[in-house]
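# Chains, contacts and geometry: an overview
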Amino acid sequence: MEKLIRFGVSIDKKLLDKFDALILKHQYSNRSQAIADFMREKLIEQDWNTQKKKVAATISLVYSHHHRTMLNKVMDIQHDFEKLIISTQHIHLDHDNCLEIIAAFGKGQDILELARRLRAVKGIKHASFTMTTSGKQIS
Ligand code: NI
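Residues numbered from 1 in each chain as written. Predicted model: local features only at pLDDT ≥ 70, side-chain atom pairs only at ≥ 80, totals over all residues. Heavy atoms only, no water.

Okay, the overall build of the protein chain next. Looking only at helices and strands, the protein chain has 4 helices and 4 strands in total. Scanning the protein chain from its N terminus toward the C terminus, one meets helices and strands in the order α-α-β-α-β-β-α-β. Compactness check: the protein chain gives a C-alpha radius of gyration of 20 Å against a globular reference of 14 Å for 139 residues, more than 25% above the reference. The dimensions of the protein chain, computed from C-alpha atoms along their principal axes, are 60 × 30 × 25 Å. Split into buried and exposed, the 139 residues of the protein chain put 29% on the buried side. Here the analysis covers contacts within the protein chain between residues at least 6 apart in sequence; of these, 65% occur between residues at least 24 apart. Across the protein chain, 22 positive and 16 negative side-chain charges occur, with their mean positions spaced 4 Å apart. (Helix = DSSP H or I, 4+ residues; strand = E, 2+ residues; numbered from the N terminus. Rg over C-alpha atoms; globule rule 2.2 N^0.38 Å. Buried < 20%, exposed > 50% of the residue type's maximum accessible area, 1.4 Å probe, protein only. Contact = heavy atoms within 4.5 Å. Lys, Arg positive; Asp, Glu negative; His and termini not counted. Charge placed at Lys NZ, Arg CZ, Asp CG, Glu CD.)

Set out below in structure tokens:
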């Protein structure tokens, strides 16, 4: 367990009321937990922008496996980024639809480029992208 520091913050009451409503909605147990979480979010965002640290991400794609041209394009792009992609999982959702989950680890801008290229493939029904961290320097 890291050493805990207690510090005071002066803040506009209206802003604090909005913050309290937000953390209640997100079911944080207290302000400290919410503030620490938001601080980590900003630190992770910084890692994505600085290009100095490796970051992690998942890209999820939903598509019909009957669309062969699209499948080839998705595969070509993944091979172009083979050093960045650390794992893929393919799930057959039903007779037509597939869910593909791609885990990437590397420089933020490279991962963003991979996500942009995959999202742009014609025929993909939905693509989502989740940025996260390597876990280092985030307690
Ligand atoms: Ni499938």
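Further remarks concern the coordination of the nickel ion. At 2.1 to 2.3 Å from the nickel ion lie its protein donor atoms, namely His90 (NE2), His92 (ND1) and Cys98 (SG). Counting residues between consecutive donors of the nickel ion along the chain gives the motif H-x1-H-x5-C. (Donors = N, O, S within 2.8 Å, 3.2 Å for Na, K, Ca; no water.)

What follows concerns the sheet that holds strand β3 (residues 97–107). Strand order in the open sheet formed by 4 strands is β2-β3-β1-β4, with antiparallel pairing between adjacent strands. Strands at the two margins of the open sheet, each flanked by one partner only, are β2 (85–92) and β4 (126–133). With strand direction ignored, the average angle separating the axes of adjacent strands in the sheet is 15 degrees. Taken together, the 11 bridges between strand β1 (residues 54–64) and β3 define a ladder with antiparallel strand orientation. Residue pairing across strands places Ala57 opposite Ala104, the latter belonging to β3. Packed onto the sheet, helix α4 (residues 108–119) meets β1, β2, β3 and β4 and runs at close to 160 degrees relative to β3. (Pairing = 2+ DSSP bridges. Axes fitted to C-alpha atoms, helices over the stretch in contact; angles between N-to-C directions.)

This part takes up the domain arrangement of the protein chain. A common way to state how big an interface is: give the accessible area lost once the parts meet. For the protein chain, the assigned domains read domain 1 (13–48) and domain 2 (54–132). Once you take the C-alpha centre of each, domain 1 and domain 2 turn out to be 30 Å apart. (Domains from an automatic or database assignment.)

A complete count under the given rule lists 3 aromatic pairs for this structure. Between the aromatic rings of Tyr28 and Phe38, the centroid separation amounts to 5.9 Å while the plane-to-plane angle is 75 degrees, which identifies the pairing as edge-to-face. A residue pair is termed long-range when its members are at least 10 positions apart, and Tyr28 in the loop between α1 (13–25) and α2 (31–50) and Phe38 in helix α2 qualify at 10 residues. Each ring, one from Trp48 and one from Phe129, has its centre 6.0 Å from the other, and the planes form 90 degrees; the classification is edge-to-face. (Phe/Tyr/Trp six-rings, centres within 6.5 Å; stacked < 30°, edge-to-face > 60°.)

Moving on to the nonpolar core. Looking at soluble globular proteins, one finds that nonpolar side chains tend to be buried together. By size, the foremost hydrophobic cluster in this structure holds 25 residues, and its most contacted members are Leu61, Leu114 and Leu118. With residues up to four places along the chain from it excluded, the contact list for Leu114 reads Ile59, Ile77, Phe81, Leu84, Ile85 and Ala104. (Core = buried A, V, L, I, M, F, W, Y, C linked by side-chain atoms within 4.5 Å.)

Looking now at the side chain of Thr133. As for its position among the elements, Thr133 is in strand β4. For Thr133, a relative accessible area of 17% gives the class buried. A polar contact is formed between the side chain of Thr133 and the backbone nitrogen of Gly135, at a distance of 3.0 Å. (Polar contact = N/O pair within 3.5 Å; in protein donor to acceptor, adjacent residues only side chain to side chain.)

A few words now on a nonpolar patch on the surface. Nonpolar side chains collect at one region of the surface, where Ile5, Phe7, Val9, Ile11, Leu15, Ile35 and Met39 lie side by side and expose about 690 Å² of accessible area between them. Of note, Phe7 is situated in the segment before α1. (Patch = residues over 30% accessible without salt bridge, like charges linked within 9 Å, V, L, I, M, F, W, Y side chains within 5 Å. Areas by Shrake-Rupley, 256 points an atom, 1.4 Å probe, with all protein chains shown as cover. Salt bridge = Lys/Arg side-chain N within 4 Å of Asp/Glu carboxyl O.)

Let us now look at the environment of Ala115. Checked against the element boundaries, Ala115 lands in helix α4. With a relative accessible area of 4%, Ala115 lands in the buried category. Each C-alpha atom, one on Ala115 and one on Met75, is 13 Å from the other, the two residues being 40 residues apart in sequence. Residue contacts for Ala115: discarding those within four places in its chain leaves Ile59 and Phe129.

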